[in-house]
Amino acid sequence: MNFTSPRRRFASAAVAGIALTGLLSACGGSGSGDDAASKSGPVTLPFWGWANGQEAVVKAFNASHKDIQLKYTKVTDQLTMQKQLTNAVKAGNAPCLVQNTAEYVTSWVSQGALADITSYVGGEKDKFNTGAWASAQVQGKLYGVPTSSAPQFTIYRTDIFKKYGLKPPATWDDFIAAGKELKKHNIKITNYAGEDPSTLEVLAMQAGAHWYAIDGNAWKVNFQDEGTLKAAKVIQEIIDNDLNAKLSFADYAAVQRSYDTGATATRQISTWQMAGMVQNFTKSFGDWALAPWPTYQGEAPKTPAGTNLTGSVTLVTKQCKNQEQAARAALWMSTNQDAVKTMASPETGNGVMPALADSKAYVGESISQKLLGKNYEPAQKVVTDSLGTVTTDWTFGPNWTAMFTELQAGWAKVVNKEQTVTDLLAHMQQWTVKDLKSRGISVKG
């Protein structure tokens, strides 16, 4: 599926409400920072982020607020953010506001780095969609304000599907069947990059898997549950039948060329990834259409929360001395109409869907009419519908970053047929349990 590139991996899914007491090392409360505004002048809140458009949003915020001012620092990317924030927390000078993604929320809470801002903005829940709101929570407490959500769907080559008498796959069985037909014509139905195991993650998520959960007073790890094995079966059949290309995003141009020339016929993506297609294509404009994410046979539509920019949040740190002002500034950036439009546009921002409960007004701006041609209007309904079926019960564990790095190494072997998906899952089960124990975290599995 190639949801991500090594340059830019955004993960997103909802962090389920979980009982963390005693389960995470170095777990701390929300802190007792001074939340009163300074009477000697405006409160200045340092804000770190990486997304395009944030500087313009900060400028607009500062122009409209006399008592609170944001001081913006642009970080290279989200991985750099984690490193710099780690250093800042240790040094005791963390910024008040931090852009981040859902996969890191639990880890930062476990380190006592984030402030509980539920009392400040918890009453704003109805302004956001369910999945996005959940992404900023742990144990039902709010540690940030959601900024974006990324609807998931299939984008496919209408000309190729029409030529070979195929319909957009409604199920994964349909997807595999279409892949086998396309293989006869030297066309791959999808692309699995060896460095990107997010395919396994999202298909497991969609199937109801829970790699991390809470069992009593311990974390429960399960990479071999029914949902994960269901996902593994689909992926293994695609690999065994050589239905997938194996192009690495290290050669981004080659990946895009494969779609543009029709060598690969579909992608499961979100709105923001369409920008790369528009910027790199020369041949296939107007030949693409959207279809719902394939379902498992006999199951209702269920869209994984994804591993893209969905679940992006603005977090408030525990070291911030003005946590209430920080929380309200984060809320403004996520709900002010002009700020939301700035971030939603692929020209002024990141081209992502906002986290708001009603995002219909932004759908048209988030997808490309140039890419979709006559399929542009029906595509808007696909995008809107997908927001209503997003998974909301996926939990990111406290060692997610380390786990995902290990998963990447094994995924490369799976793509190259050096081991099976179930081999990888067995390894990840043992490795993750051992890693959590080495960190002093109570675990079962």
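Computed from a predicted structure; not experimentally measured.

S.K.: It is not clear to me how the packing of aromatic side chains should be interpreted in this structure. Could you clarify?
M.R.: One pair of aromatic rings is described through two measures. These are the centre distance and the angle between the planes. Considering all chains together, one arrives at 20 aromatic pairs under this definition. Of the aromatic side chains, those joined through ring pairs into one cluster are W211, Y212, W219, F223, W394, F396, W400 and F404. When the ring centre of Y296 is taken as origin, the NZ or CZ atom of K230, which lies over that ring, is 5.3 Å away. Between the NZ or CZ atom of K370 and the centre of the ring of F285, over which it lies, the distance is 4.4 Å.

S.K.: Explanation requested: the pattern of salt bridges in the structure shown.
M.R.: Charged atoms that come close allow side chains of opposite charge to pair. Within this structure, the stated rule accounts for 10 salt bridges. Where K127 meets E124, a salt bridge forms, and the shortest distance between an N and an O atom there is 2.9 Å. Residue class for K127 comes out partly exposed when judged on its relative accessible area of 41%. Between K417 and D242 there is a salt bridge whose closest N-O contact spans 2.7 Å. Here K417 is found in the loop between α17 (400–415) and α18 (421–438), whereas its partner D242 is found in the loop between α9 (226–240) and β12 (244–245), with 175 residues between them in sequence.

S.K.: Can you walk me through the state of the cysteines in this structure?
M.R.: Here a disulfide denotes a covalent bond joining the sulfur atom of one cysteine to the sulfur atom of another. Tallying each qualifying case throughout the model produces one disulfide. For C96, the disulfide goes to C320, at an S-S distance of 2.2 Å. Judged by the torsion about the S-S bond (85 degrees), the C96/C320 disulfide is right-handed. One end of the pair, C96, is in the loop between α2 (78–91) and β3 (97–101); the other, C320, is in the loop between β15 (312–316) and α12 (323–335), with 224 residues separating them in the sequence. The class of C96 is buried, set by a relative accessible area of 6%. The class of C320 is buried, set by a relative accessible area of 1%.

S.K.: Would you explain the sheet that holds strand β11 (residues 218–221) in this entry?
M.R.: Adjacent strands of a sheet form backbone hydrogen bonds with each other and so pair up, either parallel or antiparallel. Spatial ordering of the open sheet is given by β10-β11-β17, a layout of three strands whose pairing is mixed. The open sheet is flanked by β10 (212–215) and β17 (443–444), the only strands paired with a single partner. Pairing between β11 and β17: two bridges, direction parallel. The partner of W219 across the bridge, within β17, is V443. Lying on the sheet, α18 is in contact with β10, β11 and β17; it crosses β11 at an angle near 165 degrees.

S.K.: Would you take a moment to explain the pairing of strand β13 (residues 266–270) for this structure?
M.R.: One face of the sheet, then the other: side chains in a regular strand alternate in exactly this way. Along β13, five of the five residues are buried, which leaves the element largely enclosed by surrounding structure. Along β13, one buried face is formed by T266, Q268 and S270 and the opposite face, lined by R267 and I269, is buried too.

S.K.: Which parts of the structure should I look at to understand unusual backbone geometry?
M.R.: Most peptide bonds take the trans form, and the phi angle of most residues other than glycine is negative. Within the chain, N186 stands out as a residue other than glycine whose phi angle is a positive 60 degrees. With respect to the helices, strands and loops of the structure, N186 is situated in the loop between α7 (172–183) and β9 (190–191). Here the phi dihedral of K417 falls at roughly 60 degrees; this positive angle occurs in a residue that is not glycine.

S.K.: Is there a simple way to explain α17 in this structure?
M.R.: Helix length check: α17, at 16 residues, gives a terminal C-alpha distance of 22 Å against a target of 22 Å (1.5 Å per residue), a fit within 8%. Where α17 is buried, its residues contact α3 (105–110), α8 (198–206), β10, α9 and α18.

S.K.: Help me understand the environment of G410, please; the structure alone is not making it clear to me.
M.R.: By the secondary structure assignment, G410 is in helix α17. The spatial distance from the C-alpha of G410 to the C-alpha of G194 is 9.0 Å, given a sequence separation of 216 residues. In this structure G410 touches Q419 and L424, once residues within four positions along its chain are discounted.

S.K.: Is there a simple way to explain the sheet that holds strand β14 (residues 288–291) in this structure?
M.R.: If you trace the three strands from one edge of the open sheet to the other, you get β13-β8-β14, paired in antiparallel fashion. Of all the strands in the sheet, the pair left with one neighbour each is β13 and β14. Recorded for the sheet is a direction-independent mean angle of 35 degrees between the axes of neighbouring strands. Summarising the sheet, strand β8 (residues 152–157) and β13 pair through five bridges and their orientation is antiparallel. For I155, the partnering residue across the bridge sits in β13 and is R267.

S.K.: Help me out: how do you make sense of the pairing of β10 in this one?
M.R.: Bridge count between β10 and β11: four bridges; the pairing is antiparallel. By the bridge assignment, A213 is partnered in β11 with K220. Where β10 folds back on β11, the antiparallel hairpin that results is connected by two residues, among which G216 adopts a positive phi of roughly 65 degrees.

S.K.: Would you explain the packing of α9 against α18 in this entry?
M.R.: The axes of two packed helices give the description: the angle between them and the distance between them. The interhelical angle for the contact between α9 and α18, taken along N-to-C directions, is 145 degrees, at an axis separation of 9 Å. Where α9 abuts α18, its residues T228, L229, A232, I235 and Q236 lie against V421, T422 and L425.

S.K.: Where do I start with the environment of K71 in this structure?
M.R.: The residue K71 is located in strand β2 (residues 68–74) in this model. Under the relative-accessibility criterion, K71 is labelled exposed at 55%. Through-space distance from the C-alpha of K71 to that of L97 is 9.7 Å; in sequence the pair is 26 residues apart. Non-local contacts of K71, meaning those with residues more than four positions away in its chain, are made with T44, L45, P46 and F47.

S.K.: Looking at this structure, how should I read the nonpolar core?
M.R.: It is characteristic of soluble globular proteins that their nonpolar side chains tend to be buried jointly. One finds L45, L70, L97, I117 and V121 to be the most contacted residues of the largest nonpolar core, which totals 56 residues. It is α12 that contributes the most residues to this core, seven residues altogether. In contact with L97, not counting residues within four places along its chain, are P46, F47, W48, L70, T314, L315, V316, A326, A329, A330 and M333. Of all hydrophobic cores here, the second largest spans 54 residues; its members include Y192, M205, I235 and A289.

S.K.: In this structure, what is going on with the packing of helix α1 (residues 54–64) against α12? I would like to understand it.
M.R.: Axis separation between α1 and α12 bottoms out at 11 Å; the angle between their running directions is 120 degrees. Considering the angle they form, α1 stands oblique to α12. Note that α1 runs across α12; the crossing there is right-handed. Residues V57, A60, F61 and S64 of α1 lie in contact with α12, whose contacting residues are A329, W332 and M333. For the contact of α1 with α12, the class distribution of residues is six nonpolar, one polar and no charged.

What counts as what
- Residues numbered from 1 in each chain as written.
- Predicted model: local features only at pLDDT ≥ 70, side-chain atom pairs only at ≥ 80, totals over all residues.
- Heavy atoms only, no water.
- Phe/Tyr/Trp six-rings, centres within 6.5 Å; stacked < 30°, edge-to-face > 60°.
- Lys NZ or Arg CZ within 6 Å of the ring centre and 35° of its normal.
- Salt bridge = Lys/Arg side-chain N within 4 Å of Asp/Glu carboxyl O.
- Buried < 20%, exposed > 50% of the residue type's maximum accessible area, 1.4 Å probe, protein only.
- Helix = DSSP H or I, 4+ residues; strand = E, 2+ residues; numbered from the N terminus.
- Disulfide = S-S within 2.5 Å.
- Pairing = 2+ DSSP bridges.
- Contact = heavy atoms within 4.5 Å.
- Axes fitted to C-alpha atoms, helices over the stretch in contact; angles between N-to-C directions.
- Expected span 1.5 Å × (residues − 1).
- Core = buried A, V, L, I, M, F, W, Y, C linked by side-chain atoms within 4.5 Å.
- Parallel < 35°, antiparallel > 145°, perpendicular 65-115°, else oblique.
- Left-handed = near helix turned anticlockwise from the far one by under 90°.
- Nonpolar A, V, L, I, M, F, W, Y, C, P; charged D, E, K, R; others polar.

By themselves these figures say nothing about function.
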